[in-house]
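What follows is each chain in one-letter form.
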Amino acid sequence: EMLSYYQCVASDLVIVPSNYAKNMFPKILHDKIVVQMEGFDPQKLDCKVDKKFFEKEKGITYIGYTARGLSSAKGFEQFVKISKAILKRNQNVKFVVIGDPKGEGYGYEKQFLKERYNDDNKTFKDHVVETEAIDSKQYIFIDNLDYEDFAACINQIDFFLYPLQFGSANWGLFELLLRGKLVIASDKCFMPEVVKNNENGIL
């Protein structure tokens, strides 16, 4: 946060990925901040891989969550809490989590885990799964996938929850929307800039 602020103070022009990110800065700096979302290669969106990553059961709805790293900033623990609430109402669902449990986060999960467990191998995913006491039979965990495998895997999933708490833009969300996947997202951060309620998703 302070590094971004210093860069803005010391630079002639700063590019940020969303209006939400721009509005994090003091208004006096807004004249030299430009919003520009990063682009995607449209040819990559056409990749088609006929591959199954899990066996689908008849009558089961598959709800997905995807992030490069399973972190608090990406709303992983919120996803787990929401999934437990859904299971209380409906047992005919399974949750597919795609992401690297050892991936880099944007917060202080590693310091928290070190302080709490004094175990370098403990991941934030481990912590959430244990503290929330989830029913492992209802969850499918898949580590990070390469681009083509990721595209194939998300096509097996019925819809996605994106309970973002923090963040100024997230590629994972755009990957889903660009492939026409249904997304239910939190009405926070930059989400309302790209998810129009009841048009291309649900807030």
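Below is a short write-up of the structure. (Residues numbered from 1 in each chain as written. Predicted model: local features only at pLDDT ≥ 70, side-chain atom pairs only at ≥ 80, totals over all residues. Heavy atoms only, no water.)

As for the overall build of the protein
How we decide: Numbering goes from the N terminus for both helices and strands, where a helix is a DSSP run of H or I of at least four residues and a strand is a run of E of at least two. The quantity called the radius of gyration is restricted to C-alpha atoms. Its globule counterpart is 2.2 Å times the number of residues to the power 0.38. Partly exposed residues are those whose accessible area sits between 20% and 50% of the maximum for their type, while under 20% is buried and over 50% is exposed, using a 1.4 Å probe and protein chains only. For this analysis, residues touch if any pair of their heavy atoms sits within 4.5 Å. Only the protein chains shown count as cover for residues, and the accessible areas themselves come from Shrake-Rupley with a 1.4 Å probe.
Secondary structure assignment for the protein yields 8 helices and 7 strands. Here the C-alpha atoms of the protein give a radius of gyration of 18 Å, agreeing with the 17 Å that 2.2 N^0.38 yields for 203 residues. Each principal axis of the C-alpha atoms in the protein carries an extent, and together these give about 55 × 45 × 30 Å. A buried classification covers 41% of the 203 residues belonging to the protein. Restricting the contact set of the protein to residue pairs at least 6 apart, pairs at least 24 apart contribute 61%. Accessible surface computed for the protein: about 12,200 Å², of which carbon and sulfur atoms make up 49%.

Looking at the nonpolar core
Using the following cut-off: Joining through side-chain atoms within 4.5 Å is the link that ties buried Ala, Val, Leu, Ile, Met, Phe, Trp, Tyr and Cys residues into a set, and such a set is a nonpolar core.
In this structure, Phe54, Val96, Ile98, Tyr162 and Leu173 are the most contacted members of the largest nonpolar core, which totals 24 residues. Elements represented by at least two residues in this core include exactly β4 (93-100), β5 (139-142), α6 (147-154), β6 (159-162), α7 (171-178) and β7 (183-185). At 4 residues, α7 tops the list of elements feeding residues into this core.

With respect to the packing of helix α3 (residues 76-89) against helix α5 (residues 124-132)
As a reminder, the rule being used: Between N-to-C directions, angles cover 0 to 180 degrees, with each direction set by a line fitted to C-alpha atoms, over the stretch in contact for helices. For classification purposes, angles smaller than 35 degrees are called roughly parallel, those larger than 145 roughly antiparallel, those between 65 and 115 roughly perpendicular, and all remaining angles oblique. Whether a crossing is left-handed or right-handed is set by the direction in which the near helix is turned from the far one by less than a right angle, anticlockwise for left-handed and clockwise for right-handed. Think of it as three bins: nonpolar holds Ala, Val, Leu, Ile, Met, Phe, Trp, Tyr, Cys and Pro, charged holds Asp, Glu, Lys and Arg, and polar takes everything else, Gly as well.
Contact pair α3 / α5: the axes reach a minimum separation of 10 Å and the direction vectors enclose 30 degrees. Taken together, the axes of α3 and α5 are roughly parallel relative to one another. In the crossing of α3 with α5, the sense of the turn from one axis to the other is right-handed. Every residue of α5 that contacts α3 at Phe76, Glu77, Val80, Lys81 and Lys84 is listed here: Phe124, Lys125, Val128 and Glu132. Across the contact of α3 with α5, the residue classes break down as 4 nonpolar, no polar and 5 charged.

Quick word on the packing of helix α4 (residues 109-117) against α5
Where α4 meets α5, the axes come as close as 10 Å, and the angle between the chain directions of the two elements is 60 degrees. Between α4 and α5, the angle falls in the class oblique. Residue-level contacts link Glu109, Phe112, Leu113, Arg116 and Tyr117 of α4 to Phe124, His127 and Thr131 of α5.

A short note on the packing of aromatic side chains
What counts is decided by this rule: Here is the rule: rings of Phe, Tyr and Trp (six-membered ring for Trp) pair when centre to centre is within 6.5 Å. Planes less than 30 degrees apart are stacked, more than 60 are edge-to-face, and the remainder are tilted. Lysine NZ or arginine CZ positioned within 6 Å of the ring centre and within 35 degrees of the ring normal marks a charge as sitting over the ring.
One pass over the full model with this rule turns up 7 aromatic pairs. When the ring of Tyr65 is compared with that of Phe76, the centres are 5.8 Å apart and the planes differ by 55 degrees; the resulting orientation is tilted. Taken together, the residues span a long stretch of sequence, with Tyr65 in strand β3 (residues 61-69) and Phe76 in helix α3 at a distance of 11 residues. Of the two residues examined, Tyr65 and Phe76, each falls in the buried class. Clustering of aromatic rings is evident, with ring pairs tying together Tyr65, Phe76, Phe79, Phe95, Tyr139 and Phe141. Directly above the ring of Tyr117 sits Lys122, whose terminal nitrogen or CZ lies 4.7 Å from the centroid.

Quick notes on unusual backbone geometry
Even without being glycine, Asn118 reaches a positive phi, approximately 50 degrees. Along the polypeptide, Asn118 turns up in the loop between α4 and α5. What makes Asn118 exposed here is its relative accessible area of 59%. One non-glycine residue, Asn198, adopts positive backbone phi at about 65 degrees.

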